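Residues per chain are reported as follows:
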Amino acid sequence: MLLRVTNLSKSFDGIKAVDAVSFDVAAGRLLALIGPNGAGKSTCFNMVNGQLKPSAGSIIFKGNDIAGMRARDIWRLGVGRTFQIAATFNSMTVLENVQMALASRERRLFGLWKPAASWHADEAMTLLDEVGMAGHARRACGVLAYGDVKRVELAIALSNRPQLLLMDEPTAGMAPGERNELMALTRRLVAERNIGVLFTEHSMDVVFEYADRLIVLARGKLIAEGDANTVRNNPRVQEVYLGTGKSFAPRATFAGGVRR
Ligand code: ADP
Ligand code: MG
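Since the structure is predicted, the reported quantities are computational estimates derived from the model, not experimental observations.

Here we come to the nonpolar core. Of all hydrophobic cores here, the largest spans 51 residues; its most connected members are Leu-128, Leu-154, Phe-199 and Leu-214. Per element, the largest residue contribution to this core is six residues, and it comes from helix 5 (residues 146-158). Once you skip the residues sitting within four places of it in the chain, Leu-154 turns out to touch Thr-82, Val-131, Leu-165, Met-167, Leu-182, Leu-185, Thr-186 and Leu-189. By size, the runner-up hydrophobic cluster in this structure holds 25 residues, among which are Val-21, Val-25, Val-48 and Leu-166.

Next comes the structure, spelled out in structure tokens:
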């Protein structure tokens, strides 16, 4: 097991945003963290990536308890996350953005360092090739289509060679076609590199199609876990999603095991 989270809890002013949540992430697998608004998904996610200190519980990654560690140190241990490319980097080329990420891995000063054209260029091109963006290497990030920016962000997240990748709503704002492309790409890279993924996601289509396993939070508590069908058919899950506009009712197309 790559990541083992046990009894993870976080209170804000006495209110339990995350309440004794436990789950595992296995290498090469995608685990989706879902639940209605306010369920505690982001809080849970941000404790794993080091943005928030847990009130209680342990987060064991490769034998280290990373609970309460600084985000930067968690990243160095091999936990990657997708970040939005900051507006200030939009004028740089796709290649330069990835070169920058590779340099940052080596503790070079981020921001002060100007990418020498040759710096990690081969490795950066290899990463861009893997996400299907090698042909766009010399273009400025700012002119790319949204789906292509997301691919570059994925290449940047992989520059640290993470064993665990955290993705907070990776397909937010994307058209359905783009969503499927990005998630199919993620799944392929994850399998090739044996990376474990923890992701939050609003699109139930994406969750059911691409997650190997799901955990469902409601009011800070884990209320269900399992594969897509198990979770879909769980009455408690259907109940908490009632009125949210996100239907969990089994669709006829699912009955035969055909998902699309
Ligand atoms: P989700 O991501 O599932 O929508 P969150 O983790 O953002 O849910 O929030 C869970 C609960 O914790 C909510 O009730 C929210 O209002 C509360 N909460 C989240 N962050 C804070 C914070 N920094 N201070 C106080 N309350 C917070
Ligand atoms: Mg959230």
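Around ligand 1, the surrounding shell consists of Phe-12, Ala-17, Pro-36, Asn-37, Gly-38, Ala-39, Gly-40, Lys-41, Ser-42 and Thr-43. With respect to ligand 1, the backbone of Gly-38 contributes an N or O atom lying 2.7 Å from an oxygen atom. Contact distances for ligand 1 include 2.9 Å between an oxygen atom and a backbone N or O atom of Ser-42. Protein coverage of the free-state accessible area of ligand 1, which is 560 Å², stands at 54%. The element best represented in the shell around ligand 1 is helix 1 (residues 41-48), accounting for three residues. The residue inventory of the shell around ligand 1, partitioned by class, reads four nonpolar, five polar and one charged.

Throughout the structure, instances matching the rule amount to 10 salt bridges. Note that Glu-130 is salt-bridged to Arg-193, the shortest N-O span being 2.9 Å. You can see Glu-130 sitting in helix 4 (residues 121-130) and its partner Arg-193 sitting in helix 6 (residues 176-193), a full 63 residues away along the chain. You can call Glu-130 partly exposed: its relative accessible area is 21%. Look at Arg-193 and you get partly exposed, because its relative accessible area is 30%.

Our focus in this paragraph is unusual backbone geometry. A positive phi angle, near 50°, is found at Asn-7, a position not held by glycine. As for its placement among the helices and strands, Asn-7 is situated in strand 1 (residues 3-12).

As a further point, take the packing of helix 3 (residues 94-105) against helix 5. Between helix 3 and helix 5, the shortest axis-to-axis distance is 8 Å and the interhelical angle comes to 25°. Between helix 3 and helix 5, the angle falls in the class roughly parallel. Considering only the axes of helix 3 and helix 5, their crossing is right-handed. Residues Val-94, Asn-97, Val-98 and Ala-101 of helix 3 pack against Val-152, Ala-155 and Ile-156 of helix 5. In terms of residue class, the contact of helix 3 with helix 5 is made up of six nonpolar, one polar and no charged.

Attention now goes to the packing of helix 3 against helix 4. Two elements in contact, helix 3 and helix 4, have axes separated by 9 Å at closest approach and are oriented at 115°. Judged by the sense of rotation from one axis to the other, the crossing of helix 3 with helix 4 is right-handed. Facing helix 3, whose interface residues are Val-94, Leu-95, Val-98, Gln-99, Leu-102 and Arg-105, helix 4 presents Ala-121, Glu-123, Ala-124, Met-125, Leu-127 and Leu-128. Taken together, the residues that form the contact of helix 3 with helix 4 break down as nine nonpolar, one polar and two charged.

The next thing to look at is helix 1. Judged by how many residues are buried, helix 1 sits mostly within the fold: seven of eight residues are covered. For helix 1, every residue scored as buried is listed here: Lys-41, Thr-43, Cys-44, Phe-45, Asn-46, Met-47 and Val-48. A positive phi of about 95° marks Gly-50, the residue just after helix 1.

All right, on to the environment of Arg-187 then. For Arg-187, the position within the fold is in helix 6. For Arg-187 and Arg-29, which are 158 residues apart along the polypeptide, the C-alpha to C-alpha distance reads 8.3 Å. Setting aside residues up to four positions removed in sequence, Arg-187 forms contacts with Leu-30, Glu-209 and Tyr-210.

Definitions and limits used
Residues numbered from 1 in each chain as written. Chains lettered and ligands numbered in written order. Predicted model: local features only at pLDDT ≥ 70, side-chain atom pairs only at ≥ 80, totals over all residues. Heavy atoms only, no water. Core = buried A, V, L, I, M, F, W, Y, C linked by side-chain atoms within 4.5 Å. Buried < 20%, exposed > 50% of the residue type's maximum accessible area, 1.4 Å probe, protein only. Helix = DSSP H or I, 4+ residues; strand = E, 2+ residues; numbered from the N terminus. Contact = heavy atoms within 4.5 Å. Near = heavy atom within 4 Å. Polar contact = N/O pair within 3.5 Å; in protein donor to acceptor, adjacent residues only side chain to side chain. Areas by Shrake-Rupley, 256 points an atom, 1.4 Å probe, with all protein chains shown as cover. Nonpolar A, V, L, I, M, F, W, Y, C, P; charged D, E, K, R; others polar. Salt bridge = Lys/Arg side-chain N within 4 Å of Asp/Glu carboxyl O. Axes fitted to C-alpha atoms, helices over the stretch in contact; angles between N-to-C directions. Parallel < 35°, antiparallel > 145°, perpendicular 65-115°, else oblique. Left-handed = near helix turned anticlockwise from the far one by under 90°.

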